[in-house]
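Geometric and topological summary
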Amino acid sequence: MRSYPIHASILGALLCLTAMTGSAQAWDAAGKAASWAKQDKDDSFTFYDGAGRALRTWVRDGGLLGSLPIGKIDEEPDRWVIDPRNAAWVAHGTTLTHLERSGRAMGSVKLPAEVGDVCWDAVGMILSYRAPEPYLEKRDYRNGEVIWSFGTKPAKKDGPAPQNRRPIALDDSGNVLMADGSSLNLSVLDANTGKKFGETALRLQETLAPALEGNVLDRGPLAVWVGKGVVFAALKAAQVPAAQRGAMQGLVLARLDLPHTSVEFLPTGLDDSHILVGVLDSDAVFVNPKGGLMLVKVK
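Below is a summary of the structure that appears in this document. Keep in mind it's a predicted model, so treat the numbers as computed, not measured. Every residue gets a number counted from 1 within its own chain, in the order that chain's sequence is written. Predicted model: local features are reported for residues with pLDDT of at least 70 only, side-chain atom pairs are reported and counted for 80 or more only, and whole-chain, interface and lining totals are derived from all residues. As a rule here, side-chain values cover all heavy atoms of the structure and leave hydrogens and water aside.

**With respect to the overall build of the protein chain**
To be explicit about the condition: A run of H or I in DSSP becomes a helix once it reaches four residues, and a run of E becomes a strand once it reaches two; helices and strands are each numbered from the N terminus. Burial classes follow relative accessibility: with a 1.4 Å probe on protein chains only, a residue under 20% of its type's maximum area counts as buried, one over 50% as exposed, and anything between as partly exposed. We call two residues in contact when some of their heavy atoms are within 4.5 Å. Calculation of accessible area relied on Shrake-Rupley with a 1.4 Å probe; when residues are assessed, cover is drawn exclusively from the protein chains displayed.
What the protein chain contains, in helices and strands, is three helices and 25 strands. Across the 299 residues of the protein chain, 54% fall into the buried class. In the protein chain, once contacts between residues fewer than 6 apart in sequence are set aside, the share between residues at least 24 apart is 47%. Carbon and sulfur atoms make up 51% of the accessible area of the protein chain, which amounts to about 13,700 Å² in all.

**A word on the layout of surface pockets**
Our working rule: Using a 1 Å grid laid over the protein atoms alone, points where a 1.4 Å probe fits but cannot get out form a cavity; open sets with protein on both sides within 12 Å along at least 5 of 7 lines form a pocket; any residue with an atom within 4 Å of a point counts as lining. Grid points are joined across faces, edges and corners, and a volume is the space filled by probe spheres set on the points. Lys, Arg, Asp and Glu make up the charged group, whereas Ala, Val, Leu, Ile, Met, Phe, Trp, Tyr, Cys and Pro make up the nonpolar group; the residues left over, Gly among them, are polar.
In this model, the largest pocket occupies a volume close to 1,100 Å³. Taken together, the elements giving at least two residues each to the lining of the largest pocket come down to β2 (45-49), β3 (54-59), β4 (63-69), β5 (79-82), β9 (115-120), β13 (168-170), β19 (222-225) and β23 (275-280). Its residues assigned to classes, the lining of the largest pocket comprises 26 nonpolar, 10 polar and 12 charged. In this structure, the second largest pocket encloses a volume near 410 Å³. Surrounding the second largest pocket, 20 residues form its lining, Arg165, Asp218, Arg219, Gly220 and Pro221 being those nearest its centre. Breaking the lining of the second largest pocket down by element, the ones donating at least two residues are β9, β20 (230-236) and β23. Looking at the lining of the second largest pocket, the element that brings in the most residues is β20, giving three residues. Taken together, the residues that form the lining of the second largest pocket break down as eight nonpolar, five polar and seven charged.

**Some thoughts on the nonpolar core**
Applied cut-off: Put simply, buried Ala, Val, Leu, Ile, Met, Phe, Trp, Tyr and Cys residues joined by side-chain atoms within 4.5 Å make one nonpolar core.
Counting 42 residues, the largest nonpolar core has Phe47 and Leu55 as the members making the most contacts within it. Per-element tally for this core: the top contributor is strand β6 (residues 88-92), with four residues. Leu55 has contacts with Thr46, Phe47, Tyr48, Gly66, Ser67, Leu68, Ile70, Trp80, Ile82, Ala88 and Val90, leaving out every residue within four places of it along the chain. The next biggest cluster of nonpolar side chains, apart from the first, holds 24 residues, and it includes Ala169, Leu202, Leu212 and Val216.

**Some words on the pattern of salt bridges**
Put simply, the rule reads: Only one rule defines a salt bridge in this text: a Lys or Arg side-chain nitrogen within 4 Å of an Asp or Glu carboxyl oxygen.
Using the criterion set out here, one finds 16 salt bridges in the structure. Residues Asp117 and Lys38 are paired through a salt bridge, measuring 3.5 Å at the closest nitrogen-oxygen approach. Of this pair, Asp117 sits in strand β9 while Lys38 sits in the loop between α2 (29-32) and β2, placing them 79 residues apart in sequence. By relative accessible area, which is 4% here, Asp117 ends up buried.

**Things to note about the sheet that holds β3**
Rule in force here: Strands qualify as paired when DSSP identifies two bridges or more between them. Helix axes use the C-alpha atoms of the stretch in contact, all axes being lines fitted to C-alpha atoms, and the angles between their N-to-C directions lie in the range 0 to 180 degrees.
Spatial strand order, β2-β3-β4: three strands in an open sheet with antiparallel pairing. The two strands at the open ends of the sheet, each matched to only one other strand, are β2 and β4. On average, adjacent strands in this sheet sit at an angle of 25° to one another, irrespective of strand direction. Strand direction decides the pairing type here: β3 and β4, joined by six bridges, are antiparallel. Pairing of Ala54 across the sheet is with Pro69, part of β4.

**A look at the side chain of Glu137**
Stated formally: In protein, a polar contact means a hydrogen-donor-capable atom and an acceptor-capable atom, both N or O and within 3.5 Å, with residues adjacent in sequence counting only if both atoms are side-chain atoms; elsewhere, any N or O pair within 3.5 Å suffices.
Among the secondary structure elements, Glu137 is positioned in strand β11 (residues 135-140). The class of Glu137 is buried, set by a relative accessible area of 2%. Side chain to side chain, Glu137 and Tyr135 meet in a polar contact 2.7 Å long. Contact partners of Glu137, with chain neighbours within four places excluded, come to Pro112, Met125, Ile126, Leu127, Tyr129, Val146, Trp148 and Ser149.

Now the structure itself:
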């Protein structure tokens, strides 16, 4: 597939100038985004601007929507969520810190392990931990307290956090999807209760979906193509089963069509340092860690 850079609209950039001041005016994800992010329901993305020590919320057709300073946190952030009041919950190490819009710290809670991924709904944020076995928690936006948990909670005796990263996302019905290890199939959890009620049964042509290869502890992100019933899983080419890999190199998307229970592997033309952050219209959106966004047409 052909990739190309994304450019913010001039009108959107002009509109945002009235609300932003200082260095925030010049910040544009199209050329400067370099971190992880996850697409929100309004198609906005919140990136971490390391140089400005701030979270920047940006949308393609409107430019920069807001900036939230995180200077009160000494560590680099791992994952973050902007809550319905435009405050932020920032996971750093084994701490989750609540920051109001001005950046003032409103408190923090200790976590059982480092956070590997997050997703969220109107009620709370779902954290997927880096732990030996799958472990998820849904936490309340008000105080960070646990609403429900799923899986085996890691214990201190487990030692340093493993590299297991189990990406999660919300599907069109608001259920939690979780990828784990070498399987292309996704666990499906009720976002209200945390109960697992299913697992996808994907097929590649006429056979069951094959297992991934190589190092699969650090799985790449999931991105939902809203309204299509399709989930894209970012993979390194070395993780694609040899029989399907062919000449694929760099970053590959596994196209998981849930209604049709099928899987297909799509080359992106990008190296595997790029980060999948969402899908806009018919384009998968990637961050280049050197700065900027790239679009790849999907089907």
